[in-house]
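Per-entry structural report
Residue-level listing of the chains:
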Amino acid sequence: MFFSNIKGHKKNIEFLKKIVEDGNLSSSFLFLGPSGVGKKIVALEFARYILSYKSNDLYSKSIDEESVRMFERGVHPDFLLVDLAYQAGILGEDEEEQKSIKIDTIRSLIKFAYLAPSFSEKKMIIIDDADRMTVEAQNAILKTLEEPPSSTIIILIASNQNLLLPTIISRCNVIKFSRLSHNEVMDILIEKGFEFKKAELLSSISNGSVYLAMRYSEIIDMLSSDVKYGMLLPFIISSKISKRPDLKEFLLMLLNFINSYIYFGIKKGSISMEDGFSLIKENKRYLDYLRHNVNYRLILELSLYKFLKVFNYFKKGVGV
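1. Some words on the side chain of Asp131
- Looking at the element boundaries, Asp131 is found in the loop between β5 (123-127) and α6 (135-146).
- A polar atom in the side chain of Asp131 sits 2.9 Å from the backbone nitrogen of Ser159.
- Excluding residues that lie within four positions of it along the chain, Asp131 makes contacts with Ile157, Ala158, Ser159, Asn160, Leu163 and Leu164.

Here it is in structure tokens:
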């Protein structure tokens, strides 16, 4: 019933199930690993499992079906998901404006943490993108991690350990997540409705991350939808997206996509090593431009033009 639909992370899942069944739960966890490999999915399922698990006595353990239904409807009174969308709601701001998790958001979390459970035996709090907490926010939650309420469990999800205070990490039971396999990513994409050929391509270039696969799919779709513009395509796309608030992040994603696709092309034999590594060298220069905030639109146009020319995109398409 629990964890059965999750791809990969079998050892982590078995460990989490066992500590619940044995009653050896820590008060705080840190789910640490690359973006897009399923940390949040596992954390949500772990929370659902704990909130629904009833230990009536030493010999009788059962699942509360009403707790399961409430969690699935998003109305469980003992569960809190803290992320940028939650922060936007409590601050009355647009979600697009949220760049970091602020101290006021953590103060709201702390109030929830110290309330007694109203339905389940435990309260569960998940902080998604915990590495986006400001230093002030991290310091604010530190005492709660050091002296946690006995009925509350907090799960932090993070991709970049270096952005977390060492004292935060030391207070948590750290569960490390690895990248998904090629087949696991492919299975997930096919379940999401991707055609086999496109799922195979995306799973080959996404480095074990479903998140990257989905973002790379957006880039491929963008290129494919505007192919009618021919050699004007880089400039048409540049014009369309140059005003995006996340332009710098999009450019970084695009350059990473190009590099991943180059390695895929070299491996597949559709591009020579000479052409491929020449383009990778170019992209390193564009990444340096990006770090120094050189004209983003110029970087976009140059990188797209070189990529599409080398891969003969206008005749062959991007591998799908």
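2. Some points on the sheet that holds β5
- Pairing is parallel across the open sheet formed by five strands, whose spatial order is β4-β5-β6-β1-β7. Single-partner strands in this sheet number two, and they are β4 (79-82) and β7 (173-176). If you compare each strand with its neighbour and ignore which way they point, the axes differ by 15 degrees on average.

3. Quick look at the packing of helix α1 (residues 10-22) against helix α2 (residues 39-52)
- Running from amino to carboxyl end, α1 crosses α2 at an angle of 20 degrees, the nearest separation of the two axes being 11 Å. By the criterion of interaxial angle, the relationship of α1 to α2 is roughly parallel. In terms of crossing hand, the pair formed by α1 and α2 is right-handed. Residues Ile13, Leu16, Lys17, Ile19, Val20 and Glu21 of α1 lie in contact with α2, whose contacting residues are Val42, Phe46, Tyr49 and Ile50.
- The class makeup of the residues in the contact of α1 with α2 is eight nonpolar, no polar and two charged.

What counts, and at which threshold
Residues numbered from 1 in each chain as written. Predicted model: local features only at pLDDT ≥ 70, side-chain atom pairs only at ≥ 80, totals over all residues. Heavy atoms only, no water. Helix = DSSP H or I, 4+ residues; strand = E, 2+ residues; numbered from the N terminus. Polar contact = N/O pair within 3.5 Å; in protein donor to acceptor, adjacent residues only side chain to side chain. Contact = heavy atoms within 4.5 Å. Pairing = 2+ DSSP bridges. Axes fitted to C-alpha atoms, helices over the stretch in contact; angles between N-to-C directions. Parallel < 35°, antiparallel > 145°, perpendicular 65-115°, else oblique. Left-handed = near helix turned anticlockwise from the far one by under 90°. Nonpolar A, V, L, I, M, F, W, Y, C, P; charged D, E, K, R; others polar.

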